[in-house]
Structures are given as C-alpha cells and as structure tokens.
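Chain by chain, the residues:
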Amino acid sequence: KIQAPEIVPGHAVAAVFFGADNFMIYQRNFDDFLRNQGLFRDVKRKREGLEIDLEDQFYKYIDSEFGIIYTEPKTSVAQHKMAYVKLKKTDDAMKQFSEFSDGVIENYREHPIYKLNKDRLLPYALGRSFKGLNQPYFTLYGDWLVFSNDLLSLKTTINDWISGKTWSESTGF
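Read on for a plain summary of the structure. (Residues numbered from 1 in each chain as written. Predicted model: local features only at pLDDT ≥ 70, side-chain atom pairs only at ≥ 80, totals over all residues. Heavy atoms only, no water.)

Quick notes on the environment of Leu 152
Part 1 of the argument: If you trace the backbone, Leu 152 turns up in helix α6 (residues 151-162).
Part 2 of the argument: Residue Leu 152 is classed as exposed on the basis of its relative accessible area of 59%. (Helix = DSSP H or I, 4+ residues; strand = E, 2+ residues; numbered from the N terminus. Buried < 20%, exposed > 50% of the residue type's maximum accessible area, 1.4 Å probe, protein only.)

Put into structure tokens, the structure is as follows:
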C-alpha cells in the first residue's frame, strides 16, 4: 500500500508514486532496462561522476517508496518540483545525506533544512523522472526524506504537515 499521500502537501497539484517491495531488486531491474535500451553506459558514466558508491551510500537506505510531487507552478514546473524517498535506517541515512550537503542551512519549525551539494544525484540515481532536481533543498519528516527545488515551497510543505493539510487528510483525495 502506497503511504506517500501522508506527506504530499495539500497545495500539491500532482504526484507520481513509485513503490517496490525491495528497492535493490527494483534498481537492478531498472539498470537492466537501461541496458536493454542502450542507455546504461551513459547513465553509468554520469553516476560515476558523482564520486560516491550509490549502492552503499544511497540505495541501501531507500525503503519501499519514492516519487515526485508537483506543487502549483508560479514560475516553472521544474522550480516547484519535489521528490520524496521513504527511508529505512533513518538515523544512518540522515548521517549519510548530511554528508551530501554543506550542513543545516536553516532550522524551520524544528525541521532542519539542508541543500544537496551532489549535483544531479537524484536524476542520475533514480532516473529521468527526477530530472531538474539537481541540487534541491531537503528535510526529514518521519521516515520520509523530502526534496524541493524551491526553499519557500519546502517551507510551505512543512507548514502543511504541521497543520495536517496533506492528501491523506483531504476528503477530496
């Protein structure tokens, strides 16, 4: 069962949900798909350019869900694009992800906010659906790591969480 509507903010206009019982198997299958399409060599080169071990430093922390959230675009779709990853071993994952940032840039309503310093980590690691999320801001909410290109949009999302304005709490959803 997809649980991401619990974190999708009420101001979101669309979301794409991905679910996998075992993320590592999903990732291997995704890489096989890229090989069959003749795209793997280019993706592998881009991943190697990140200079991290994706399997050990990223993939092993992804639980069963990840996806994209779109909030109402005021300037561009890419600017108001968000992503999320459900984590396992949350404390260890946050230690790792804090290393992919320059530390906490702001503590907003008791939610430390970081900015990813690994350029294009999400699109290279998770695929084209995450294109445009090159160096997003991110924060932790429960077991969810949430990324946003726009700091104000991330703060609005935090406000929605605190006030219970999520898709799962919406009668319309």
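From this point on, the discussion continues.
Let's talk about the sheet that holds strand β7 (residues 144-148)
Part 1 of the argument: One open sheet accounts for 7 strands, arranged β1-β2-β3-β7-β6-β5-β4; its pairing is antiparallel. Each of the sheet's edge strands pairs with one partner strand only, and the pair in question is β1 (12-19) and β4 (101-108). When the angles between neighbouring strand axes are averaged without regard to direction, this sheet yields 25 degrees.
Part 2 of the argument: As defined by bridge partners, β1 adjoins strand β2 (residues 62-71) across 7 bridges and the pair is classed as antiparallel. Bridging from a neighbouring strand, Ala 15 pairs with Ile 69 of β2. (Pairing = 2+ DSSP bridges. Axes fitted to C-alpha atoms, helices over the stretch in contact; angles between N-to-C directions.)

With respect to the nonpolar core
Part 1 of the argument: Phe 58, Phe 97, Leu 121, Leu 126 and Phe 147 are the most contacted members of the largest nonpolar core, which has 29 residues in total.
Part 2 of the argument: Contributions of two or more residues to this core are made by α1 (23-36), β2, β3 (81-87), α4 (90-99), β5 (111-116), α5 (121-126) and β7.
Part 3 of the argument: Per element, the largest residue contribution to this core is 4 residues, and it comes from α5.
Part 4 of the argument: Once residues within four sequence positions are removed from consideration, Phe 147 is found in contact with Lys 81, Met 82, Ala 83, Val 85, Phe 97, Leu 116, Leu 122, Pro 136, Tyr 137 and Phe 138.
Part 5 of the argument: Counting 15 residues, the second-largest nonpolar core is a separate cluster that includes Ala 12, Ile 113, Tyr 137 and Trp 144. (Core = buried A, V, L, I, M, F, W, Y, C linked by side-chain atoms within 4.5 Å. Contact = heavy atoms within 4.5 Å.)

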